[in-house]
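A closer look at the structure
The primary structure of each chain is shown beneath.
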Amino acid sequence: MRPTPPKFLLRFFRWFCHPDLHKYIEGDLLELYEERVKTSGRRKANIKFALDVLLLFRLSIIRPFTQHQSIIHTAMLKSYFTIAFRNLAKRKFYAGINILGLSIGLTSCLLIVLYIHHELSYDTMHTKADRIYRVGLKSLEAGDIVTTAPLAFTAVEELPEVESATHICHFLSTQTIRYDEITIVEEKIYFADSTFFDVFSFKLLAGDPTTALTEPNTLVITEEMAHKYFEDEPALGNILLVGDGKIPHKVTGVVENLPSNVHFHFNMLRPMASLALSRVDDWFSNSFVTYLLLHEGAPPESIEAKFPGLVKKYVGPALERYLGVSLETFAEQQGIQYGYFLQPLLDIHLHSNLRQELEPNGDITYVYIFGAIAFFIILLACINFMNLATARAANRAKEVGVRKTLGSLRSSLVGQFMTESVVLSLIATSLAVVATNLLLPSFGNIAGREISSALFTQPWFLLSLLGLMLVVGMLAGSYPAFYLSSFRPVEVLKGKLKAGARSSGIRNTLVVFQFFVSITLIICTLLVYRQLEYAQAKNLGLTKENVLIVYGAQRLTGNQQAAFRLALLDKSQIVNASVSNRIPPGTISTTIFRKATTEEDAILRIYEVDYDYLPTMQIELLEGRNFSQDFSTDTTAILLNEAAAKSFGSKNLLNEEVVHTGSGRTYRVIGIVKDFNFESLRNEIQPLALTLTTRGSYLSARISGKDVSATVEQIESLWEQYAPDQPFQYAFLDDNYDALFRAEQRLGKVFSIFTGLAIAVACLGLLGLATFMAEQRTKEVGIRKVMGASESHLILLLSKDFTKLVVIAFGIATPVAYLIVQKWLEGFAYHTDIAPLIFVLSGTGALLIAWLTVSWQSVKAALANPVDSLRNE
């Protein structure tokens, strides 16, 4: 039966004390009375209860309850913080481990939160973003973003849901710009409709958005371009010479510099009125990126439902003119469903990976991955705190017992321990905010993003950060607080509490979880780098090393291009040289060829190359011959890759004729080349045709590889002789291929960083636990040494428990990491194998890290003089 105080004392308390006291503290008084009866007997408990009632009666007379309650709460909070700081100062080592672990965890979390916020903020600057949709084309295997010129304004006329439309053309985006003595080759110069600023919310600093893109031979430039060419002069009304023809263009608008979080960027905009192709009513020539602005409340599904009608009405007749077949027959032959679909503007950056994207997009998968990493790292930091707090519970057990004996309530003890946890979290959060601001520029460079710290000035973010601090503090301190406050004072003071025994199972589980996360990250990181190495070392079907690409070769007029190429071949460092209108990796031109005899069609990518392209790129010829100047008929010859030959369904295509459906021109197949990767390894090798040209936009020079910088200087010197007024632009082919894997390279670097941080957090916790366990087993180690145990045996004894935990974590992490990496590799048409050695290395590495972490304390304990540990026995 539960002991209760004498009835007269309870009646006195209820009659004469303030009524609000009954509501708030009567239950605590009864719990306190019960504890005192168990620890010191009923008589002493009655006396102390009477004194408590008299004190409360006195306080009720002097002040209203609400006032003295406030005083009591303030005093309690002050005491909580005072004791918390004393305990932190007393236990500097463990406080340092906790603060450092939480700081690392919170810094990692904040960096990733800022990265995720940046990724999710793409295109949100546009005021009508939720009503803007990009039109995609269902014609190739992965879809495309380019559509026809007439689509945009046909949609406005025939689809009542569409309020406005605009399209841009980016295929002529590199142009030579001249102003006075300045000559620069600029990129990202797009053609745009006059409605461009009706749809998008790019801010014009000068000019009228309604007329800026209406007249031919005008330009809208960015603020950065205006400063580059005109410095402090007003840009509006000034003239820039554009292109090789030095066509004067008047500046009619200046756009505020574009933010980083938009899915396409431009330096200059030219009006569609300057582009003849935009006025061609051709529904089968796709060269434009189309955006539709829908009316408020208009459902995009209703537009997509009407697209097949537009395709049948306009695309069908154009297809019959090109191929002489109906749209239905073409779709059946090619196994595709030709048509259009809509992409929400806000989804493009993270959810779109179509062909010919304006810029490399992000990937929602990586957002999920980084979010999970942030969660697990902060969780590891919380686990460290819980592990160390519960492990050291016995060291504070007597403190808890004494405080309970002196009258402390369990709620007060929970408040005390929670306060210590929140103080730790406050210190760690402050350090994390400082570290995040210092590391953010470097992290942004690694992630390939211009990540801003402006979120730290937003009230909602600061409140969220405060909430995170409190949640982390309470989460990290919750279990220790309730665990420590549950000790029964009688058992504690009699020494019956076994140090850390009650929580050892939970501690071991949490250590296993920590190393499960760490090993999983190690495996994933190693396999990401293995895939990158595989991609860079894979036989691409051509030799990408030591090939220098000169851009803008079309600027060499007349016979200059041929003369420049011959002059290069006179240099001993130049092995071979070739001109072409396309260079790998990547293609722009896609067209349809038809076999002249069987009417079989094939969708082919097309490269226009000269006689020396194959030897320059070192592409293997499997059948037939290469283009040759000895054959005048080679102007109508064609080379096919293996994939193109298969797409025609014939085993022997040599000397067969194929017809280009667009022009009706007939070509004879003179050779089959080995498949080579001219796109990303994420895609399978597509059918490709090589046709002959004697002029090209690119000049590829294979160099010897000796003294590369001197070779580049010689090529530049020759360029200045043949094109003195043209800037020299070049790149190396292997660098262009490496750029295809830039996203994966960044992923690998980010994985490496956060894997290292996760391991650091786990090792901090392991170090703290190893130190504590060594302290707890000091006397055991001393006795074993006296009995003859060797240092190596003692080190093994102190390390084996942690070894078991790491082995268990490895067993759990292996299948999980395998499934994660297998899913990621499915995104590559060509990928490495998941080698078992990676898992063995990861487990061994984690085990070595754990051993190194605990070995210092194990060796220290094993080498200690047993006299010091046994002198008090």
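Residues numbered from 1 in each chain as written. Predicted model: local features only at pLDDT ≥ 70, side-chain atom pairs only at ≥ 80, totals over all residues. Heavy atoms only, no water.

Brief notes about the overall build of the protein chain
Quick note on the threshold: Strands here mean DSSP runs of E at least two residues long; helices mean DSSP runs of H or I at least four residues long; both are numbered from the N terminus. Exposure classes here rest on a 1.4 Å probe applied to the protein chains alone. A residue is buried below 20% of its type maximum, exposed above 50%, and partly exposed in between. Contacts: residue pairs with any heavy atoms within 4.5 Å of one another. For every accessible area listed, the method is Shrake-Rupley and the probe measures 1.4 Å; residues are considered covered only by the protein chains on display.
Each helix and strand in the protein chain was counted, giving 27 helices and 24 strands. Sorting the 873 residues of the protein chain into buried and exposed places 52% on the buried side. Taking as baseline every contact in the protein chain between residues at least 6 positions apart, the subset at least 24 positions apart corresponds to 80%. Surface exposure of the protein chain reaches about 39,700 Å², of which carbon and sulfur atoms provide 57%.

So, the pairing of strand E22 (residues 688–692)
A regular strand places its side chains on the two faces of the sheet in alternate fashion. Quick reminder of the rule: At least two DSSP bridges between two strands are needed for those strands to be called paired.
Among the five residues that make up E22, five are buried, leaving the element largely enclosed by the rest of the structure. Along E22, one buried face is formed by Leu688, Leu690 and Leu692 and the opposite face, lined by Ala689 and Thr691, is buried too. As paired elements, strand E17 (residues 601–609) and E22 share five bridges and run parallel to each other. Paired with Ile606 across the strands is Ala689, a residue of E22. Where strand E19 (residues 637–641) meets E22, three bridges bridge the pair, whose relative direction is antiparallel. Along E22, the bridge assignment pairs Leu640 with Ala689.

Topic: the packing of helix H18 (residues 560–569) against helix H21 (residues 708–722)
Packed helix pairs are characterised by how far apart their axes lie and by the angle those axes make with each other. Going by this rule: Axis lines are fitted to C-alpha atoms, over the contacting stretch for helices. Their N-to-C directions set the angle, which ranges from 0 to 180 degrees. Orientation categories follow fixed angle ranges, with anything under 35 degrees roughly parallel, anything over 145 roughly antiparallel, 65 to 115 roughly perpendicular, and all other angles oblique. Take the far helix as the reference: if the near one is turned anticlockwise from it by less than a right angle, the crossing is left-handed, and if turned clockwise, right-handed.
Between H18 and H21, whose axes approach to 10 Å, the crossing angle comes to 150°. Put simply, H18 runs roughly antiparallel to H21. When the axes of H18 and H21 are compared, the crossing they make is right-handed. Contact with H18, carried on its side by Gln560, Ala563, Phe564, Ala567 and Leu568, involves Ile715, Leu718, Trp719 and Tyr722 of H21 and no other residues of that element.

As for the nonpolar core
As a reminder, the rule being used: Nonpolar cores were defined as sets of buried Ala, Val, Leu, Ile, Met, Phe, Trp, Tyr and Cys residues, with membership established by side-chain atoms within 4.5 Å.
Counting 103 residues, the largest nonpolar core has Phe370, Ile373, Phe515, Ile619, Phe627 and Leu690 as its most contacted members. Per-element accounting of this core gives the leading share, 13 residues, to helix H17 (residues 504–537). What Phe627 contacts, discounting residues up to four positions off in sequence, is Val609, Asp610, Tyr611, Asp634, Ala637, Ile638, Leu639, Ile670, Leu690, Thr691 and Leu692. Core analysis: the second largest hydrophobic core is formed by 30 residues, Phe200, Phe264, Val289 and Leu354 among them.

Quick notes on a negative patch on the surface
Defined as follows: For patch detection, residues must exceed 30% relative accessible area and be free of salt bridges, and they are connected within 9 Å for like charges or within 5 Å for nonpolar side chains (Val, Leu, Ile, Met, Phe, Trp, Tyr). Salt bridges are counted wherever a side-chain nitrogen of Lys or Arg sits within 4 Å of a carboxyl oxygen of Asp or Glu. Charged residues are defined narrowly, with Lys and Arg counted positive, Asp and Glu counted negative, and His plus the chain ends left uncounted. Lys charges are placed at NZ, Arg charges at CZ, Asp charges at CG and Glu charges at CD.
Taken together, Asp180, Glu181, Glu231, Asp232 and Glu233 make up a surface patch of like negative charges. With respect to the secondary-structure elements, Glu231 resides in the loop between helix H8 (223–230) and strand E9 (239–242). Overall, Glu231 belongs to the exposed group, its relative accessible area being 58%.

Regarding the environment of Phe513
Here Phe513 shows up in helix H17. Assessed through its relative accessible area of 24%, Phe513 is described here as partly exposed. Once the C-alpha coordinates of Phe513 and Leu805 are considered, the two residues, 292 residues apart in sequence, prove to be 9.2 Å apart.

What about the packing of aromatic side chains?
Selection rule: Here is the rule: rings of Phe, Tyr and Trp (six-membered ring for Trp) pair when centre to centre is within 6.5 Å. Planes less than 30 degrees apart are stacked, more than 60 are edge-to-face, and the remainder are tilted.
Scanning all chains against the criterion turns up 33 aromatic pairs. Aromatic side chains Phe196 and Phe200 sit 5.2 Å apart centroid to centroid with 50° between the ring planes, which places their arrangement in the tilted category. We classify Phe196 as buried; its relative accessible area is 0%. With a centroid separation of 4.6 Å and 15° between ring planes, the pair formed by Trp283 and Tyr314 is classed as stacked. In this pair, Trp283 is assigned in the loop between strand E11 (268–271) and strand E12 (286–294) and Tyr314 in helix H9 (residues 300–323), connecting sequence segments 31 residues apart. Here the aromatic residues Tyr190, Phe196, Phe197, Phe200, Phe202, Phe264, Phe266 and Tyr291 are joined through ring pairs into a cluster of three or more.

A few points about the side chain of Gln561
For the record, the criterion: A 3.5 Å cut-off defines polar contacts: any pair of N or O atoms within that distance qualifies, except that in protein one atom must be a possible hydrogen donor and the other a possible acceptor, and neighbouring residues in sequence count only when both atoms are side-chain atoms.
Relative to the elements of secondary structure, Gln561 occurs in helix H18. A distance of 2.8 Å separates a polar atom in the side chain of Gln561 from the backbone oxygen of Ala553. Residue contacts for Gln561: discarding those within four places in its chain leaves Ala553, Gln554, Leu556, Val579, Thr694, Arg695 and Gly696.

Structural notes on the confidence of the model for the protein chain
Here is the rule we go by: Known as pLDDT, the predictor's per-residue confidence is scaled from 0 to 100.
Across the protein chain, pLDDT averages 80, with 79% of residues at or above 70. Counted against residues more than four places away or in other chains, residues 61–73, with its pLDDT under 50, gives ten contacts.

Quick notes on the pattern of salt bridges
Side-chain pairs of opposite charge can arise whenever the charged atoms involved come near each other. A complete count under the given rule lists 14 salt bridges for this structure. In this structure, the salt-bridge partner of Asp612 is Arg565, at a minimum N-O distance of 2.2 Å. Taken together, the positions of Asp612 in the loop between E17 and helix H19 (613–617) and Arg565 in helix H18 put the pair 47 residues apart, joining distant regions of the chain. With a closest N to O distance of 2.8 Å, Arg625 and Asp634 form a salt bridge. Among the residues examined, Arg625 registers a relative accessible area of 24% and is labelled partly exposed. Take Asp634: its relative accessible area is 1%, and that puts it in the buried class. Residues participating in the shared-partner salt-bridge network are Arg131, Glu163 and Glu296.

Here we look at the environment of Val37
Residue placement: Val37 occurs in helix H2 (residues 19–40). Using a relative accessible area of 19% as the deciding quantity, one classes Val37 as buried. Here the alpha-carbon distance between Val37 and Pro5, two residues 32 residues apart in the chain, equals 9.7 Å. Ignoring any residue separated from it by four or fewer positions in sequence, one finds Val37 in contact with Pro3, Arg42 and Ala45.

Observations regarding unusual backbone geometry
Here the amide bond leading from Pro584 into Pro585 is cis, since omega sits at 0°, within 30 degrees of zero. Mapping Pro585 onto the fold places it in the loop between strand E15 (574–580) and strand E16 (590–595). The backbone of Gln618 shows a phi angle near 55°, a positive value even though the residue is not glycine. Assignment of secondary structure puts Gln618 in the loop between H19 and strand E18 (621–624).

What about a nonpolar patch on the surface?
On the surface, Leu463, Leu466, Leu470 and Met474 cluster together into a nonpolar patch covering about 380 Å² of accessible area. When you line up the elements, Leu470 lands in helix H15 (residues 459–484). Accessibility expressed as a relative area gives 37% for Leu470, which makes it partly exposed.

Focus: H21
Applicable threshold: Residue count minus one, scaled by 1.5 Å, sets the expected span of a helix. What the arc covers is the set of directions going from the helix axis to the C-beta atoms.
Between its terminal C-alpha atoms H21 stretches 21 Å, which fits the 21 Å expected from 15 residues at 1.5 Å a residue. All of the buried residues along H21 are Thr711, Val712, Ile715, Leu718 and Trp719. Viewed along the axis of H21, the buried residues span an arc of 125°, placing them on a single side of the element. Exposed side chains of H21 directed beyond 90 degrees from the buried face belong to Glu713 and Gln721. Check the buried side of H21 and you find it contacts strand E14 (547–551), H18, E15, strand E23 (698–703) and strand E24 (729–732).

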